Amino acid sequence: MGLEITLAAEANVSEVALNVAANGGNVQWRATDASKPSGGELIAESTMSSETILKAAEPVRTSTIIIWFNQLPVNGAGENRIELLEIEVR
């Protein structure tokens, strides 16, 4: 499952912060587009926690950010589920 974030204008992006209501799973920030969200260059990757930071080695000049959840966390009810509360692009 993935999300495409379209910025108002092209910008240098260093980090994408995700506020998530579960722990575990895996998320990736990829340099691609919605037509092939699991493709393209892997910018950053992390296991999820309440505040997950995806940090680029070097700032990325872009107008589109793809967040790809290649493994969902498990919530308190034992369900594979992503509860994304907030996204911050820095």
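In the block above lies the structure referred to throughout.
The structure contained in this document is the topic of the report that follows. Predicted, not measured: the structure shown is a model, and the values here were computed from it. (Residues numbered from 1 in each chain as written. Predicted model: local features only at pLDDT ≥ 70, side-chain atom pairs only at ≥ 80, totals over all residues. Heavy atoms only, no water.)

1. Concerning the overall build of the protein
- Within the protein, the secondary structure is distributed over zero helices and five strands.
- Here the C-alpha atoms of the protein give a radius of gyration of 13 Å, agreeing with the 12 Å that 2.2 N^0.38 yields for 90 residues.
- Each principal axis of the C-alpha distribution contributes one length, and for the protein these read about 40 × 25 × 25 Å.
- Across the 90 residues of the protein, 37% fall into the buried class.
- Across the protein, the fraction of contacts at a sequence separation of at least 24, relative to all contacts at a separation of at least 6, is 70%.
- As displayed, the protein offers around 5000 Å² of accessible surface, 45% of which is attributable to carbon and sulfur atoms. (Helix = DSSP H or I, 4+ residues; strand = E, 2+ residues; numbered from the N terminus. Rg over C-alpha atoms; globule rule 2.2 N^0.38 Å. Buried < 20%, exposed > 50% of the residue type's maximum accessible area, 1.4 Å probe, protein only. Contact = heavy atoms within 4.5 Å. Areas by Shrake-Rupley, 256 points an atom, 1.4 Å probe, with all protein chains shown as cover.)

2. Observations regarding the nonpolar core
- Within the largest apolar cluster, 18 residues are counted, with the highest numbers of intra-cluster contacts made by Val 16, Leu 18, Trp 29, Leu 54, Ile 65 and Ile 67.
- Among the elements of the structure, strand 1 (2-20), strand 2 (24-31), strand 3 (41-48) and strand 4 (51-71) are those that each provide at least two residues to this core. (Core = buried A, V, L, I, M, F, W, Y, C linked by side-chain atoms within 4.5 Å.)

3. Details of the sheet that holds strand 4
- The strand order across the open sheet built from five strands is 3-2-4-1-5, with neighbouring strands paired in antiparallel fashion. The two strands at the open ends of the sheet, each matched to only one other strand, are strand 3 and strand 5 (84-89). Here the strands of the sheet are splayed against their neighbours by 25° on average, with no regard to which way each runs.
- Two strands pair when backbone bridges link them, and strand 2 and strand 4 are joined in this way by five bridges, in the antiparallel orientation. Bridge pairing in strand 4 links Val 27 to Phe 69. (Pairing = 2+ DSSP bridges. Axes fitted to C-alpha atoms, helices over the stretch in contact; angles between N-to-C directions.)

4. Considering the pattern of salt bridges
- Inspection of every chain in the model, using the stated rule, returns six salt bridges.
- Here Arg 90 ties to Glu 15 by a salt bridge, and the two come within 2.9 Å at their closest N and O atoms. Of this pair, Arg 90 sits in the segment after strand 5 while Glu 15 sits in strand 1, and the two are 75 residues apart along the sequence.
- The class of Glu 15 is buried, set by a relative accessible area of 15%.
- The class of Arg 90 is partly exposed, set by a relative accessible area of 36%. (Salt bridge = Lys/Arg side-chain N within 4 Å of Asp/Glu carboxyl O.)

5. A short note on the pairing of strand 2
- With six of eight residues buried, strand 2 lies mostly within the body of the structure.
- In this structure, strand 2 lies alongside strand 3, joined through six bridges in antiparallel fashion. Considered in strand 3, the bridge of Gly 24 is made with Met 48.

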